[in-house]
Protein chains: 2
Amino acid sequence: MHKQDVTIYDVAREAKVSMATVSRVVNGNNNVRKSTRDRVQSVIKRLHYQPNSVAQGLASKRTTTVGLIIPDMTNMFFAELAQGINDIATIYRYSIILSSVSNELMKEEDTVQSLLNKQVDGMIYMSDRLSPAVHEVFDRTSTPVVLASTLDADGDLPSVAIDYRKAMKQALDLLYQDGKRDLAFVISDYNATINVARRIPVFENFIKEHHLGVPRIYRDVLTYDQGEKVFAQLQQEHVDGVIVSSDLAAAGIINAAKAAGVKIPEDFEVIAAGSTKISELVRPKLTCVRSPLYDIGAVAMRMLTKLMGDEDLTHRKVKLPFNLVKQETTLNQ
Amino acid sequence: MHKQDVTIYDVAREAKVSMATVSRVVNGNNNVRKSTRDRVQSVIKRLHYQPNSVAQGLASKRTTTVGLIIPDMTNMFFAELAQGINDIATIYRYSIILSSVSNELMKEEDTVQSLLNKQVDGMIYMSDRLSPAVHEVFDRTSTPVVLASTLDADGDLPSVAIDYRKAMKQALDLLYQDGKRDLAFVISDYNATINVARRIPVFENFIKEHHLGVPRIYRDVLTYDQGEKVFAQLQQEHVDGVIVSSDLAAAGIINAAKAAGVKIPEDFEVIAAGSTKISELVRPKLTCVRSPLYDIGAVAMRMLTKLMGDEDLTHRKVKLPFNLVKQETTLNQ
DNA sequence: TTGAAAGCGCTAACAG
DNA sequence: CTGTTAGCGCTTTCAA
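Residues numbered from 1 in each chain as written. Chains lettered and ligands numbered in written order. Predicted model: local features only at pLDDT ≥ 70, side-chain atom pairs only at ≥ 80, totals over all residues. Heavy atoms only, no water.

A.B. asks: Before we move on, could you go through the domain arrangement of chain A and cite the residues and values that matter?
C.D. replies: Residues and elements named next belong to chain A. Partitioning chain A into domains gives domain 1 (3-60), domain 2 (65-162 + 293-321) and domain 3 (164-290). The centre of domain 2, based on its C-alpha atoms, is set 28 Å off from the matching centre of domain 3. In this assembly, 14 residues from domain 2 lie in contact with 16 residues from domain 3. Buried area between domain 2 and domain 3, summed over both chains or domains, comes out near 1,200 Å², and the portion from carbon and sulfur atoms is 63%. Sorting the residues of domain 2 by area buried against domain 3 places R129, L151 and I162 first, and these three jointly supply 44% of that buried surface. Summed over the shared surface of domain 2 and domain 3, the result is one salt bridge. Between D189 and R129 there is a salt bridge, with its nearest N and O atoms 3.1 Å apart. In this assembly, domain 2 and domain 3 are joined by four residue pairs in polar contact (both at pLDDT 80 or more). (Domains from an automatic or database assignment. Contact = heavy atoms within 4.5 Å. Buried area = accessible area lost by both parts, 1.4 Å probe. Salt bridge = Lys/Arg side-chain N within 4 Å of Asp/Glu carboxyl O. Polar contact = N/O pair within 3.5 Å; in protein donor to acceptor, adjacent residues only side chain to side chain.)

A.B. asks: Lay out the protein's contact with DNA strand D with the relevant residues and their values.
C.D. replies: Near DNA strand D there are 27 residues, and of these I8, S23 and Y49 of chain A together with R24 and T36 of chain B occur at the shortest range. Within 4 Å of the protein, the atoms of DNA strand D are drawn from sugar and phosphate moieties in a proportion of 61%. With respect to DNA strand D, the backbone of I8 of chain A contributes an N or O atom lying 2.4 Å from a phosphate oxygen. One of the backbone N or O atoms of A59 of chain B is found 3.2 Å from a base oxygen in DNA strand D. Elements supplying a minimum of two residues to the surface near DNA strand D: α2 (19-26) and α4 (53-60) of chain A together with α2 (19-26) and α4 (53-60) of chain B. Element by element, the count of residues in the surface near DNA strand D is highest for α4 of chain A, at four residues. Residue composition of the surface near DNA strand D, grouped by class: twelve nonpolar, eleven polar and four charged. (Near = heavy atom within 4 Å. Helix = DSSP H or I, 4+ residues; strand = E, 2+ residues; numbered from the N terminus. Nonpolar A, V, L, I, M, F, W, Y, C, P; charged D, E, K, R; others polar.)

A.B. asks: Describe the interface of chain B and chain A, listing the residues and the values that go with them.
C.D. replies: Facing 58 residues of chain B, the contacting portion of chain A comprises 59 residues. A combined buried area of about 5,100 Å² lies between chain B and chain A, and 57% of that area is made up of carbon and sulfur atoms. One salt bridge connects R283 of chain A with E228 of chain B, and the closest N-O pair in it is separated by 3.8 Å. Among the elements of the structure, α4, α5 (76-91), β2 (95-100), α6 (108-117), α10 (224-236), α11 (247-259) and α12 (278-281) of chain B are those that each provide at least two residues to the side of chain B that touches chain A.

A.B. asks: Could you give me a rundown of a nonpolar patch on the surface, with the residues and numbers involved?
C.D. replies: Taken together, the side chains of I91 and Y92 of chain A together with L105 of chain B present a nonpolar region at the surface, about 280 Å² in accessible area. Along the polypeptide, I91 of chain A turns up in helix α5 (residues 76-91). Given the relative accessible area of 48%, I91 of chain A is considered partly exposed. (Patch = residues over 30% accessible without salt bridge, like charges linked within 9 Å, V, L, I, M, F, W, Y side chains within 5 Å. Areas by Shrake-Rupley, 256 points an atom, 1.4 Å probe, with all protein chains shown as cover. Buried < 20%, exposed > 50% of the residue type's maximum accessible area, 1.4 Å probe, protein only.)

A.B. asks: If you had to explain the environment of S60 of chain A to someone new, which residues and values would you point to?
C.D. replies: For S60 of chain A, the location among the structural elements is in helix α4. Of note is the side chain of S60 of chain A, whose polar atom sits 2.7 Å from the backbone oxygen of Q56 of chain A.

A.B. asks: Pulling in residues and values, what's your account of the protein's contact with DNA strand C?
C.D. replies: Around DNA strand C, a shell composed of 28 residues is seen, among which R24 and T36 of chain A together with I8, S23 and Y49 of chain B lie nearest. In DNA strand C, the atoms that sit within 4 Å of the protein are 61% sugar and phosphate, with bases accounting for the remainder. S23 of chain B is positioned such that a nitrogen or oxygen atom in its side chain is 2.6 Å from a phosphate oxygen of DNA strand C. Note that a phosphate oxygen of DNA strand C is positioned 2.5 Å from one of the side-chain N or O atoms of Y49 of chain B. Those elements that provide at least two residues to the surface near DNA strand C are α2 and α4 of chain A together with α2 and α4 of chain B. The residue makeup of the surface near DNA strand C, split by class, is twelve nonpolar, eleven polar and five charged.

A.B. asks: Now, about the sheet that holds strand β12 (residues 323-325) of chain B: what can you tell me, with residues and values included?
C.D. replies: Residue and element names in this part refer to chain B. In space, the six strands of this open sheet follow the order β7-β6-β8-β9-β10-β12, with mixed pairing throughout. Sheet topology places β7 (216-218) and β12 at the edges, where each strand pairs with a single neighbour. Mean inter-strand twist for the sheet, computed between neighbouring axes without regard to direction, equals 20 degrees. Looking at chain direction, strand β9 (residues 269-272) and strand β10 (residues 287-290) are connected through two bridges and run parallel. Pairing of I271 across the sheet is with T287, part of β10. Strand contacts of α11: β8 (241-244) and β9, with the helix running at about 165 degrees to β9, the strand carrying the most contacts. (Pairing = 2+ DSSP bridges. Axes fitted to C-alpha atoms, helices over the stretch in contact; angles between N-to-C directions.)

A.B. asks: Mind laying out the relation of the copies chain B and chain A, listing which residues take part and the relevant values?
C.D. replies: Mapping chain B onto chain A calls for a screw motion: a turn of 180 degrees about the axis and a shift of 0.0 Å along it, with 0.1 Å RMSD after fitting. In the structure described here, the two chain copies are related by an operation that fits a two-fold rotation axis. Using C-alpha coordinates, one finds that chain B approaches the rotation axis most closely at I97 of chain B, a distance of 2.2 Å. Comparing interface residues between copies, 100% of those in chain B also sit at the interface in chain A, which points to an isologous, same-surface contact. (Least-squares fit on C-alpha atoms with pLDDT ≥ 70 in both.)

A.B. asks: Describe the sheet that holds strand β10 (residues 287-290) of chain A, listing the residues and the values that go with them.
C.D. replies: Residues and elements named next belong to chain A. The strand order across the open sheet built from six strands is β7-β6-β8-β9-β10-β12, with neighbouring strands paired in mixed fashion. Because the sheet does not close on itself, it has two edges, and the strands there are β7 (216-218) and β12 (323-325). Going across the sheet, the axis of each strand differs from the next one's by a mean of 20 degrees, ignoring polarity. Contacting β6 (183-186), β7 and β8 (241-244), helix α10 (residues 224-236) crosses the sheet at an angle of about 165 degrees to β7. Running over the sheet, helix α11 (residues 247-259) touches β6, β8 and β9 (269-272) and is turned about 165 degrees from β9.

Here is the structure:
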């Protein structure tokens, strides 16, 4: 049994034309007489001919494939981004090679290089941290890259995101207006660009301006369990308002607070700086910054298609509007 | 700027060997003298040579790529499966082409065919329903396929799953032992193989054996909102024990029940027949059937690697052990 | 509107 | 241990 039984050559022979003509028909090239086209198409149907994409890729140097570098696909945040990318990719008939880099089995730069070796036409990068090694690979290649929900703080890679500074500021304002003065910021990765270059400076500045003492930052809190655990520390330090980067961790904090008999939002307010379905299904419902994740993915993919078609981008750094959704973990005036 | 500047030919010339020898070095073939190997490797390094996977694929007829057909990547259930697949794939150096078939943009059989055209070495299929059209494509190809967390009820495609009959039976027993007599089964897709061929027969049989009247089955309940909505019906029909196929929908039911002042588990018990992180973060915590999702994915991928290496499978239908995790939505004796 | 022919970059006999 | 030589299946000039 063969992987491929019928090739373009078989079609050409049966239809009594050259391979070139079959190729034209397959690729929708108009320079074919209608009668010829019909004849070829009927042979294609009769023989169940399917073009070999690998051969097409080698000959044309286009694979109609894009690479997706994602930190962790079990994180709904990224899954929703990926869904937006996927849908647009499908419309444009691009396939997606998925690389989840959560495991330590392969270095990120090797993953990216492997994508390049597969001759992807473009890549979308959504890891929070753009290491120098990865950046170097991006710089060396002519294959277009778009960042989704991430930033390239120093460089100028095209990106789609929200205004993290503004979102952080609004969240802090809300806590402050509600009378909270002992604020904390709970994050997963301190060195993620969006944290170190955006949210943290805003947070520290806010604390300073309002004379709220020392900025309290808790790191490495990403999972539900880590959220549950960090609550004890928050309570010990008498924190009464907290911004949490992941809503999964925020769910842990909320449940731990409820278990400890703490009243939310009266005595303790929580805002998630990033959100997924989870913010809707915990009780009390989570006040959160809602990014248009699906749209971020969709826009990023659309930008990539332009880049892959050698078009220019009108905007290289796109900021999409976000929403501060006031729910039950803040006083919600 | 070119996509590929240095080819195997350049390396051969610089190292003063033939392309064949370079190819041998690249592929770790042992029939190369150490000194030659070293010389070639140093040239490879100096020139930053990277093999073109597309050309390799065309020449060798192996792409070291597998296709993943997934219904909806924003469903954590599938995301966790995919993670297991991804990790094993990474170990064996396979890339993953991801096809989310949730959108209506492309028919499933076309998606599968497109994967075949890309010359994937194998496929893992995780959609709940194996349509005749898709099955036909699978039957026609010699490319190996493994089903993960799905069944091929009539056919004999290799699969990895749990014992759905047993899981359903245990869940029903638990509700019955707790004194619940007005049972219902809430599912997303009635025609999913695991439902129509496994769970539903067990449910109907149970109802009959215990003389519990007419089996109540609620369909098309998949999302959180749909779960919230279906609760009104459950209440109206005085259901006191329900098995829900998706834990996301179960979360909706629980929250709606709480909002209606219904006491869980005293007056109303809930068991999720499939579970993810969500079962842990709702309150009360959800009693659920826990499938080893990551392992199912991992085992499926391992089976696929064997098939792709032309090895035989000792077991074509693997059943992994599951757990009925008793938490707060059942009386939990 | 069509065909001939030269690759795309690599692998895999085969011969030596 | 190494090189020669055909391809893999398709696209793409270039001529006709």
